[in-house]
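Observations on the model geometry
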Amino acid sequence: MNEQDRGCVAKAELAEERFKVLKANADSYKLQIQALEKKNNNYSVTVAKYEQSISHMKDECVAANAKLSRAEVGLEHLRREYQLLKESEARLVVRERGGDKATGQWAGYADGQPGDDQSQLRAD
């Protein structure tokens, strides 16, 4: 073999070694890509579960807020009813006692006279 042939053989061997290294790198990259795709799929499943949980929690929160609003309205209604009962009780106590003897007025009435003041006993 002459010098030129030996140079070509050396270049071919070097190219073959490079090819083997590049092929090994490509195979390694393919394995990494497969592992990353598997992780990505796992993460996608996890994210979907979390989104479902978030949606469920959001629905529960909306329901709890609605229940709270109803409870607050009910509480306000009960407070008004309590106040009306206290006022009625006070009027009945005054009636039982016969009015305020010091002033000659009936306590709890705007005009100072007892009467059927049913406007205060309205039902909600």
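Residues numbered from 1 in each chain as written. Predicted model: local features only at pLDDT ≥ 70, side-chain atom pairs only at ≥ 80, totals over all residues. Heavy atoms only, no water.

What follows is about the overall build of the protein chain. Along the protein chain, the regular secondary structure elements total one helix and zero strands. Residues classed as buried in the protein chain amount to 6% of the 124 residues present. For the protein chain, the exposed surface amounts to about 11,100 Å²; the carbon and sulfur share of it is 57%. (Helix = DSSP H or I, 4+ residues; strand = E, 2+ residues; numbered from the N terminus. Buried < 20%, exposed > 50% of the residue type's maximum accessible area, 1.4 Å probe, protein only. Areas by Shrake-Rupley, 256 points an atom, 1.4 Å probe, with all protein chains shown as cover.)

As a further point, take the pattern of salt bridges. Under the counting rule described, the total for this entry stands at two salt bridges. Glutamate 16 is the salt-bridge partner of lysine 20, the closest N and O atoms lying 3.9 Å from each other. Of this pair, lysine 20 and glutamate 16 both sit in helix H1 (residues 3–97), four residues apart, roughly one helical turn. Since its relative accessible area comes to 48%, lysine 20 is described here as partly exposed. The exposure class of glutamate 16 is partly exposed, given its relative accessible area of 45%. Among the ionic pairs, lysine 86 bridges to glutamate 89, the shortest N-O distance being 3.9 Å. Taken together, the residues lysine 86 and glutamate 89, both in helix H1 and three residues apart, mark about one turn of the helix. The partly exposed category is assigned to glutamate 89, whose relative accessible area is 44%. (Salt bridge = Lys/Arg side-chain N within 4 Å of Asp/Glu carboxyl O.)

What follows concerns H1. With 95 residues, H1 should cover 141 Å at 1.5 Å per step; its first-to-last C-alpha distance of 136 Å lies within 8% of that length. If you check which residues of H1 are buried, you get Leu84, Ser88, Arg91 and Val94. Looking at where H1 begins, the residue whose side-chain oxygen comes 3.1 Å from the main-chain nitrogen of glutamine 4 is asparagine 2. Phi turns positive, to about 90°, at glycine 98, one or two residues after H1. (Expected span 1.5 Å × (residues − 1). Polar contact = N/O pair within 3.5 Å; in protein donor to acceptor, adjacent residues only side chain to side chain.)

Structurally, serine 88 can be placed in helix H1. Side chain to side chain, serine 88 and arginine 91 meet in a polar contact 3.2 Å long.

Let us now look at the confidence of the model for the protein chain. Of all residues in the protein chain, 78% attain a pLDDT of 70 or more, and the chain-wide mean is 86. Below a pLDDT of 50 lies the segment residues 118–124, which in the model reaches eight contacts outside its immediate sequence neighbourhood of four places, other chains included. (pLDDT = per-residue confidence, 0-100. Contact = heavy atoms within 4.5 Å.)

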